[in-house]
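The lines below spell out each chain.
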Amino acid sequence: MQPMLNIAIRAARAAGDYISRQVNNIPNLEIESKSTNDFVTQVDRMAEAKIIETLLKAYPDHSILAEESGKSGDSDYQWIIDPLDGTTNFLHGFPHFAVSIALAHKGRLEQAVIYDPMKQELFCASKGEGATVNNKRIRVTKPATTEGALLGTGFPFRAKHHFPAYQGMFNEFFKSAADVRRAGSAALDLAYVAAGRLDGFWEIGLQPWDMAAGVLLIREAGGLIGDFNGDDKYLENGNIVAGNPKLFADMIRKLQPHLTAELKS
Ligand code: IPD
Ligand code: CA
Ligand code: CA
């Protein structure tokens with residue numbers, strides 16, 4: 001296994017084990033609001049500190065982009081970290097959240113780890129070497145259209161002005177899909193697409209740390225990821241569609257009538 005992936009796994013497990021122990025301590029946590037519907041606790045911060053400490057101990061010169069502490073360092077290697085994806089679930093004791101860690105080299109994603117500490121599922125990918133869950137190879141599913149598909153999504157709960165456009169997209173997909181899931185962790189949603197548990201996924205307004213590891217997992221599992229124009233600007237504009245190549249094309253086509261000027265840019 002790639003040494004850098006190994007270190008990422010060590011960091012994700014350390015943070016995940018800490019987070020799962022804190023589930024019993026939720027009533028005692030001090031919850032701060034970063035912005036509307038965006039919460040953070042010392043668990044997010046402590047988990048992030050553990051991850052960064054582990055990564056920098058092994059690679060002191062690497063740079064960091066982390067949700068809670070921001071950017072540091074100046075290196076061609078950048079670790080992109082969401083220490084706790086699904087904080088709202090965590091705070092409600094809803095057992096579906098994850099640690100997400102990706103490594104980019106000169107802007108290209110090379111390693112990815114998503115760890116679900118409650119189910120003890122470890123999703124990993126290294127560029128060119130495929131994707132796994134608990135060491136078992138994973139692949140995206142095969143449906144060519146949304147007909148009968150199980151789709152994942154996230155609601156635009158922090159940018160509610162997108163809700164009318166989102167409803168248009170939802171109606172469009174819901175007409176043909178078997179059903180739609182909103183599970184509350186974008187990182188796990190993407191890992192589930194890679195693992196074939198969801199056929200496709202879309203969400204408005206994600207951040208790089210929500211997506212980076214999931215993007216590499218999906219690519220390595222044979223899927224495609226793009227923004228709502230089908231381009232690769234999702235890490236900049238935060239809008240993402242994912243699925244196998246045919247389903248991806250079908251979803252992009254079906255989204256077009258529902259895009260506002262803001263969502264097209
Ligand atoms: C959030 C989760 C959620 C998604 C939000 C993200 P957080 O991450 O991934 O599913 O809908 O857009 O911000 O804040 O829990 O790390
Ligand atoms: Ca997140
Ligand atoms: Ca987070």
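Residues numbered from 1 in each chain as written. Chains lettered and ligands numbered in written order. Predicted model: local features only at pLDDT ≥ 70, side-chain atom pairs only at ≥ 80, totals over all residues. Heavy atoms only, no water.

1. Structural notes on the coordination of the calcium ion (ligand 2)
Item 1. D82 (OD), D85 (OD) and D210 (OD) make up the full set of protein donors to the calcium ion (ligand 2), lying at 2.0 to 2.2 Å.
Item 2. Binding-site remark: the calcium ion (ligand 2) is held by donors from one chain whose sequence spacing is D-x2-D-x124-D. (Donors = N, O, S within 2.8 Å, 3.2 Å for Na, K, Ca; no water.)

2. Topic: the domain arrangement of the chain
Item 1. Under the domain assignment, the chain is made up of domain 1 (3–137) and domain 2 (150–264).
Item 2. The distance between the C-alpha centroids of domain 1 and domain 2 comes to 21 Å.
Item 3. Between domain 1 and domain 2 the total buried area reaches about 2,400 Å² when both faces are included, carbon and sulfur atoms providing 65% of it.
Item 4. Sorting the residues of domain 1 by area buried against domain 2 places H96, L109 and F123 first, and these three jointly supply 24% of that buried surface.
Item 5. Put simply, domain 1 and domain 2 have 1 salt bridge between them. (Domains from an automatic or database assignment. Buried area = accessible area lost by both parts, 1.4 Å probe. Salt bridge = Lys/Arg side-chain N within 4 Å of Asp/Glu carboxyl O.)

3. With respect to the nonpolar core
Side chains that are nonpolar tend, in soluble globular proteins, to be buried together.
Item 1. In this structure, I80, L109, I114, F123, I138, L217 and I240 are the most contacted members of the largest nonpolar core, which totals 39 residues.
Item 2. Going through the elements one at a time, strand 6 (98–105), strand 7 (108–116), strand 8 (121–126), strand 9 (131–133), helix 5 (186–194), helix 6 (208–220) and strand 15 (240–243) are the ones with two or more residues in this core.
Item 3. Among residues more than four places away in sequence, those in contact with F123 are A112, V113, I114, T132, V133, I138, L188, A191, Y192, A195, R197 and L217.
Item 4. With 33 residues, the next largest nonpolar core counts I81, F90, L91 and Y115 among its residues. (Core = buried A, V, L, I, M, F, W, Y, C linked by side-chain atoms within 4.5 Å. Buried < 20%, exposed > 50% of the residue type's maximum accessible area, 1.4 Å probe, protein only. Helix = DSSP H or I, 4+ residues; strand = E, 2+ residues; numbered from the N terminus. Contact = heavy atoms within 4.5 Å.)

4. So, the environment of G152
Item 1. Mapped onto the elements of the fold, G152 is located in strand 11 (residues 150–153).
Item 2. You can call G152 buried: its relative accessible area is 0%.
Item 3. Spatially, the C-alpha atom of G152 lies 25 Å from that of L103, the residues being 49 residues apart in sequence.
Item 4. Once you skip the residues sitting within four places of it in the chain, G152 turns out to touch R181, L198, G200, F201 and W202.

5. Topic: helix 1 (residues 3–22)
Item 1. The end-to-end C-alpha distance of helix 1, which contains 20 residues, comes to 29 Å, matching closely the 28 Å that a straight helix rising 1.5 Å per residue would cover.
Item 2. Listed as buried for helix 1 are M4, L5, I7, A8, I9, A11, A12, A15, G16, Y18, I19 and Q22. (Expected span 1.5 Å × (residues − 1).)

6. Re the coordination of the calcium ion (ligand 3)
Item 1. Only E67 (OE), D82 (OD) and L84 (O) from the protein coordinate the calcium ion (ligand 3), and they sit 2.2 to 2.4 Å from it.
Item 2. Each donor residue of the calcium ion (ligand 3) belongs to the same chain, and together they define the spacing E-x14-D-x1-L.
Item 3. On the basis of relative accessibility, which here comes to 2%, the residue L84 falls in the buried class.

7. Describing the packing of aromatic side chains
To describe a pair of aromatic rings, you give the distance between the ring centres and the angle between the ring planes.
Item 1. This model, assessed by the stated rule, comprises 9 aromatic pairs.
Item 2. Aromatic side chains F155 and Y166 sit 5.8 Å apart centroid to centroid with 80° between the ring planes, which places their arrangement in the edge-to-face category. Of this pair, F155 sits in the loop between strand 11 and helix 4 (163–176) while Y166 is found in helix 4, placing the two residues 11 residues apart along the sequence.
Item 3. Classification of F155 as partly exposed rests on a relative accessible area of 36%.
Item 4. Here F170 and F174 contribute two aromatic rings whose centre-to-centre distance is 5.2 Å and whose plane-to-plane angle is 20°, an arrangement assigned as stacked. With F170 and F174 both in helix 4, this residue pair falls 4 residues apart, about one helical turn.
Item 5. Members of the aromatic cluster, joined through ring pairs, are F155, F163, Y166, F170, F173, F174 and W202.
Item 6. It is K50 that lies over the ring of Y18; its NZ or CZ is 5.1 Å from the centre.
Item 7. One residue, R197, lies across the ring of Y192, its end atom 4.8 Å from the ring centre. (Phe/Tyr/Trp six-rings, centres within 6.5 Å; stacked < 30°, edge-to-face > 60°. Lys NZ or Arg CZ within 6 Å of the ring centre and 35° of its normal.)

8. Things to note about the sheet that holds strand 8
Item 1. With mixed pairing, 8 strands are arranged side by side in an open sheet as 4-3-5-6-7-8-9-10. Either end of the sheet is taken by a strand with one partner, and the two such strands are strand 4 (70–72) and strand 10 (136–137).
Item 2. By the bridge criterion, 2 bridges tie strand 9 to strand 10 in an arrangement that is antiparallel. Note that in strand 10 the partner of V133 across the bridge is K136.
Item 3. Running over the sheet, helix 1 touches strand 5 (77–85), strand 6, strand 7 and strand 8 and is turned about 30° from strand 7.
Item 4. Where helix 6 meets the sheet, it contacts strand 3 (63–66), strand 5, strand 6, strand 7, strand 8 and strand 9, and its direction lies at approximately 100° from that of strand 7. (Pairing = 2+ DSSP bridges. Axes fitted to C-alpha atoms, helices over the stretch in contact; angles between N-to-C directions.)

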